[in-house]
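Letter by letter, the chains look like this.
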Amino acid sequence: MAEAADFQGTSPSPARRWLRRSGVLLAGVPLLAGLLQLPISTSASAADKTSVADATGSRTIDVSLDSLSPSAPTDGDTITVAGSVTNNGRQTVTDAHVGLRVGPSLSSRSAIDSAAQRTGFQVGLDAPEVGGKYVAKFSRLAAGVSQHFSISVPVKELDLGSDGVYQLGVSLTGRTAAQPWDQILGIQRTFLPWQPEGADTKTKTTYLWPLISTVHLTAETGSDEQQTPVFKNDDLAEEISPGGRLDQLLSLGSDLDVTWVLDPDLLASVDAMRDGYQIRTEDGRTTKGKSQAVAKAWLDKLEKTVQDKKVVALPFADPDLASLAHNGKDVTGSLSHLKDATDVAADTVDTILHVKPSTDFAWPADGAVDPSIVKVATSAGADKVIARSDSLRETGALSYTPSAARPIGGGTTAVVADARLSTAFRGDMTKADTSTLAVQEFLAQSLMINLQEPDEQRSIVVAPQRMPSGSQAQTMAQALKALQDGNWSESQDLSAAAKAKPDAGATTKVPSAHSYPSSLRKQELPRAAFERIQGTQTKLDNFQVILTDKSRVVTPFGRAIDRGMSTSWRGRASEGATFREGVDSYLNDLTGLVHLIEKSDAKLSGRSATIPVTVQNNLVQGVDNLVLRLTSRQPNRLKIGDGPYDEQPIQVAGEHSQSVKFTTSTKANGPVEVFAQLYTKDGQAYGPAVPFEVKVTEITSTVMLVIGGGVLLLVLAGFRMYTQRKRAVALQAEEEPEDGLEAEGVNKDTDGTVDTEDTEDSENGPEGESGAESGADDPEHPSDPTPDTAPESTDPSGTGERVDR
């Protein structure tokens, strides 16, 4: 493999200083041989002790290298090395000093790896001290105590030779009471890249600068017109606030020549904060977010930064391609989510940042690929896959690191990032020592790539971790700034790297599924995650059919489904499962706001009657395209309409209810089970059925005769009472004197004839109110509800009354 790029095309000559010292050692060999024949003296014993101490005591002092400036020196520079020494032993160290040791140039990338892994002083591998005045002295270093040091030395004093990567050792020499002679008690190694003049052919380096975060937004939105978004927590506000992780990434990247890799979900989430947002608290309530100004400032700065820069947009929410390939592709509909996430990516970035991003790159977790990952990654339209060299390994005999672009068949290009450079800044970079060593090793590896084939220009891609911490971002920026100011590399964007001419000998074979790292496979989303996602999608498809304003539901839930398959859930399986369950549960709550009102059992007397059923809509928007079906389990006893069931279309305004009446006819007595069910117009059941029992009591002909006879008797009795009262009034009129006053209710004609007026009974009111009118105040029967529609009507009753939640 081209780590195999381990040896340079032309090896640089050794440093003059090293040659001079080697010559001295060779000249002293005869003298040493003569001395060996002499009796062992006290001084010789001391030398032996020093040699033993060199080999065994060089870890007593911890040497921390906190800064090295400049990281890549040139002629005329003065190098300043600063750090601290800590006595980890039990004895006080005296007569100590810190010195620099510049070894010979290294010949390969593997040699750099080996030197970085060595610990402790090793005679023959570590060079002598520069010495002289270029040391930092300590008269006393007590046990457990740390002291700072700083050494500045002109480059010309280091006797560096030709271009190359040199070992730089920083060691502490001192004495202890038990071993009162000079000995190496601690050493730290790093690298000094030396390219004082511009290289004839420079390596083209592409550095990806990722702005990616975890999932922050829920599927929930407010019922207001703006649909105020609801966040899981306020962590995103911390990330984009001054000094936060994303704020640092943005500020640091703005000064570098990089390719920006964006997750559109991050942009959408920050954009959602600008106009006001809610935060879901641990007790289930929501509280108002307060970082609108911070969100606006961060997006404004990002928009200005990426203008005229190369921007790559990942699919929305950065879906886990490997999990989808290994566990989700066989779940119906899963691949369609990747297509949707890809389609919405470009629009999101363009709308918020007003730049046109590239969406033809796919980036699997850690750049690990196999045939199924490549197939899934390219299924949504991407034709370039960002892989890594520890996955797509070199199997040929190349003696150098090849360019990143590799045609892997089917019109797909693998852009292979260099593994060493891409993983250089993982781990805890909060310690200055760790950060400094990472920067120097990164620069050393980069220069060695250029020295391998100095006449062949190559394109190298660096794809760091997806979500660098603030300290990691600072270290990355420091290294990249030094690289871009150096003399052996020039910047290039990702699209140009993908189009570069591939090396003929570079591998193009995608590794098998068995080669996929088990550590990454353990972090993948399980099949159950994709099954849950598909179940939620099915419910959403059924729900949106009935909505009059689909965008209020489809958009937030569609994006929430994308978030459910995000790469950010790797290593956080329980959190991911909780999020997906939350999306599904909230959708169930919304669909449940459109439902049938429960009915109690009913009694029907007679051959026909109507049964009312009420639909309630507690959504803020109206619903349509629903059908209400009422079904009889025993149509031979009770028919609904003309058969076992009847249907009526439903349309209910937001926060209203509607009652619908169904005509029924009976044929026999007894209980009948009836149930009401809502359906969408495409025949899918909506919500649970509402069952109830109807007790049918058929009215027989004998009963009708009895009732008819009773009515007739009542009529005859009334008529008899009327005639008797009429006769009594006439007799009373005849007995009255003719010349008296007119009786009440009697008129006297001029010819003496007396007619009686038609009058009401004395029970009438003083103003002649009829009995029917006075009866209007009689109480209604408590079981008689106010009808929504006219009797026997089968038409809908209208939108009805507003329902309070």
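Residues numbered from 1 in each chain as written. Predicted model: local features only at pLDDT ≥ 70, side-chain atom pairs only at ≥ 80, totals over all residues. Heavy atoms only, no water.

Draft legend 1. Layout of the sheet that holds strand E22 (residues 602–605). Ordered in space as E22-E29-E28-E24-E26, the five strands form an open sheet in which the pairing is mixed. If you trace the sheet from one side to the other, it starts and ends with E22 and strand E26 (645–652), each paired once. Recorded for the sheet is a direction-independent mean angle of 30 degrees between the axes of neighbouring strands. Pairing geometry for strand E28 (residues 670–680) and strand E29 (residues 685–697), over nine bridges, is antiparallel. Note on E29: the bridge partner recorded for Val-672 is Val-694. (Pairing = 2+ DSSP bridges. Helix = DSSP H or I, 4+ residues; strand = E, 2+ residues; numbered from the N terminus. Axes fitted to C-alpha atoms, helices over the stretch in contact; angles between N-to-C directions.)

Draft legend 2. A look at the nonpolar core. If you look at the biggest cluster of nonpolar residues, it comprises 72 residues, and the most contacted ones within it are Phe-543, Phe-557, Leu-628 and Leu-630. Here Phe-543 is in contact with Val-553, Leu-587, Leu-590, Thr-591, Leu-619 and Tyr-686, once residues within four sequence places are set aside. Phe-231, Leu-246, Leu-267 and Val-311 belong to the second largest nonpolar core, which has 61 residues in total. (Core = buried A, V, L, I, M, F, W, Y, C linked by side-chain atoms within 4.5 Å. Buried < 20%, exposed > 50% of the residue type's maximum accessible area, 1.4 Å probe, protein only. Contact = heavy atoms within 4.5 Å.)

Draft legend 3. Layout of a nonpolar patch on the surface. On the surface, Leu-712, Leu-713 and Leu-716 cluster together to form a nonpolar patch covering roughly 320 Å² of accessible area. Take Leu-712: it is sitting in helix H20 (residues 701–735). (Patch = residues over 30% accessible without salt bridge, like charges linked within 9 Å, V, L, I, M, F, W, Y side chains within 5 Å. Areas by Shrake-Rupley, 256 points an atom, 1.4 Å probe, with all protein chains shown as cover. Salt bridge = Lys/Arg side-chain N within 4 Å of Asp/Glu carboxyl O.)

Draft legend 4. Main features of the pairing of strand E27 (residues 656–666). When you tally the buried positions in E27, you get nine out of 11 residues, the bulk of the element. Across three bridges, strand E25 (residues 638–640) lies against E27 in antiparallel orientation. Considered in E27, the bridge of Leu-638 is made with Thr-666.

Draft legend 5. Up close: helix H18 (residues 551–563). Here H18 spans 18 Å end to end across 13 residues, near enough to the 18 Å set by a 1.5 Å rise per residue. The element H18 is largely enclosed, with a buried count of 10 among its 13 residues. Among the residues of H18, those classed as buried are Arg-552, Val-553, Pro-556, Phe-557, Gly-558, Arg-559, Ala-560, Ile-561, Asp-562 and Arg-563. Those residues of H18 hidden inside the fold are in contact with strand E9 (217–221), helix H7 (264–274), helix H10 (334–353), helix H17 (527–544) and helix H19 (573–591). (Expected span 1.5 Å × (residues − 1).)

Draft legend 6. Summary view of helix H9 (residues 321–328). Along H9, six of the eight residues are buried, which leaves the element largely enclosed by surrounding structure. When H9 is considered as a whole, its buried residues turn out to be Leu-321, Ala-322, Ser-323, Leu-324, Ala-325 and Gly-328. Where H9 is buried, its residues meet H10, strand E15 (361–362), helix H11 (371–377) and H17. Measuring from the side-chain oxygen of the N-cap residue of H9 to the backbone nitrogen of Ala-322 gives 3.3 Å; that N-cap residue is Asp-320. (Polar contact = N/O pair within 3.5 Å; in protein donor to acceptor, adjacent residues only side chain to side chain.)

Draft legend 7. Inspection of the packing of aromatic side chains at higher detail. The full count for this structure, using the stated rule, is seven aromatic pairs. Arranged with centres 6.3 Å apart and planes meeting at 65 degrees, the rings of Tyr-207 and Phe-442 form a pair that is edge-to-face. Of this pair, Tyr-207 sits in strand E8 (residues 203–211) while Phe-442 sits in helix H13 (residues 432–452), and the two are 235 residues apart along the sequence. Summarising the aromatic geometry, the rings of Phe-543 and Tyr-686 are spaced 6.4 Å apart at their centres and angled 25 degrees between planes, so their arrangement reads as stacked. A residue pair is termed long-range when its members are at least 10 positions apart, and Phe-543 in helix H17 and Tyr-686 in strand E29 qualify at 143 residues. Judged by its relative accessible area of 0%, Phe-543 is buried. Looking at Tyr-686, the relative accessible area reads 6%, which means it is buried. Every member of this aromatic cluster is reached through a ring pair, and the members are Tyr-207, Trp-209, Phe-425 and Phe-442. Lying over the aromatic face of Trp-363, Arg-466 brings its terminal NZ or CZ to 4.4 Å of the ring centre. (Phe/Tyr/Trp six-rings, centres within 6.5 Å; stacked < 30°, edge-to-face > 60°. Lys NZ or Arg CZ within 6 Å of the ring centre and 35° of its normal.)

Draft legend 8. Highlighting the pattern of salt bridges. If you walk through the whole model with that rule in mind, you get 30 salt bridges. Among the salt bridges present, the one from Asp-126 reaches Arg-189, with a minimum N-O distance of 2.6 Å. Remark: Arg-189 occurs in strand E7 (residues 183–194) and Asp-126 occurs in the loop between helix H4 (109–117) and strand E4 (135–141); sequence separation between them is 63 residues. Overall, the relative accessible area of 10% leaves Asp-126 in the buried class. On the basis of relative accessibility, which here comes to 10%, the residue Arg-189 falls in the buried class. Measuring nitrogen to oxygen at the nearest pair gives 3.1 Å for the salt bridge that ties Arg-559 to Asp-562. Of the two residues, Arg-559 and Asp-562 both sit in helix H18, three residues apart, roughly one turn of that helix. Of the residues examined, Arg-559 reaches a relative accessible area of 18% and is grouped as buried.

Draft legend 9. Inspection of the environment of Lys-137 at higher detail. Note that Lys-137 resides in strand E4. A residue is classified by how much of its surface remains accessible, and Lys-137, at 70% relative accessible area, is exposed. A C-alpha to C-alpha distance of 4.1 Å links Lys-137 and His-97, two positions 40 residues apart in sequence. Excluding its chain neighbours within four sequence positions, the residues that come into contact with Lys-137 are Ala-96 and His-97.

Draft legend 10. View of the packing of H17 against H18. Put simply, H17 and H18 touch, their axes get as near as 11 Å, and they point 175 degrees apart. Considering the angle they form, H17 stands roughly antiparallel to H18. Taken together, the residues of H18 that come into contact with H17 (itself represented by Ile-533, Thr-536, Gln-537, Leu-540, Phe-543 and Gln-544) are Val-553, Val-554, Phe-557, Gly-558 and Ile-561. For the contact of H17 with H18, the class distribution of residues is seven nonpolar, four polar and no charged. (Parallel < 35°, antiparallel > 145°, perpendicular 65-115°, else oblique. Nonpolar A, V, L, I, M, F, W, Y, C, P; charged D, E, K, R; others polar.)

Draft legend 11. Structural detail: the side chain of Thr-591. The residue Thr-591 is located in helix H19 in this model. Within polar-contact distance, the side chain of Thr-591 engages the backbone oxygen of Asn-588 at 2.9 Å. Those residues in contact with Thr-591 that lie beyond four places of it in its chain are Phe-543 and Tyr-686.

Draft legend 12. Region of interest: the environment of Met-448. In this fold, Met-448 is placed in helix H13. Residue Met-448 is classed as buried on the basis of its relative accessible area, which comes to 1%. In this structure, the C-alpha to C-alpha distance between Met-448 and Val-165, residues 283 residues apart in sequence, is 7.0 Å.

Draft legend 13. Fine view of the sheet that holds E4. One open sheet holds the four strands; their spatial order is E4-E3-E6-E7, and the pairing between them is antiparallel. A strand with exactly one partner marks an edge of an open sheet, and here the two such strands are E4 and E7. On average, each strand axis in the sheet is tilted by 20 degrees relative to the strand beside it, whichever way the strands run. As paired strands, strand E6 (residues 164–175) and E7 are joined by 11 bridges and run antiparallel to one another. Its bridge partner being in E7, Gly-169 is matched across the sheet by Arg-189. Of the strands in this sheet, E6 and E7 are in contact with H4, which crosses E7 at around 150 degrees. The strands touched by H13 are E6 and E7; relative to E7, the strand with the most contacts, the crossing angle is about 45 degrees.

Draft legend 14. Main features of the environment of Val-690. Its location among the elements puts Val-690 in strand E29. Put simply, Val-690 and Gln-677 are 13 residues apart on the chain and 6.5 Å apart in space, counted from C-alpha to C-alpha. Ignoring any residue separated from it by four or fewer positions in sequence, one finds Val-690 in contact with Leu-596, Ile-597, Glu-598, Lys-599, Val-674, Phe-675 and Ala-676.

Draft legend 15. Here's a closer look at unusual backbone geometry. In this structure, the amide linkage connecting Ser-69 to the following residue, Pro-70, adopts the cis form with an omega of -5 degrees. Inspection of the secondary structure assignment puts Pro-70 in the loop between strand E1 (61–69) and strand E2 (78–87). For Asn-625, which is not a glycine, the phi torsion comes out positive at approximately 60 degrees. Residue placement: Asn-625 occurs in strand E24 (residues 623–632).

Function cannot be read off these values alone, since they describe shape.
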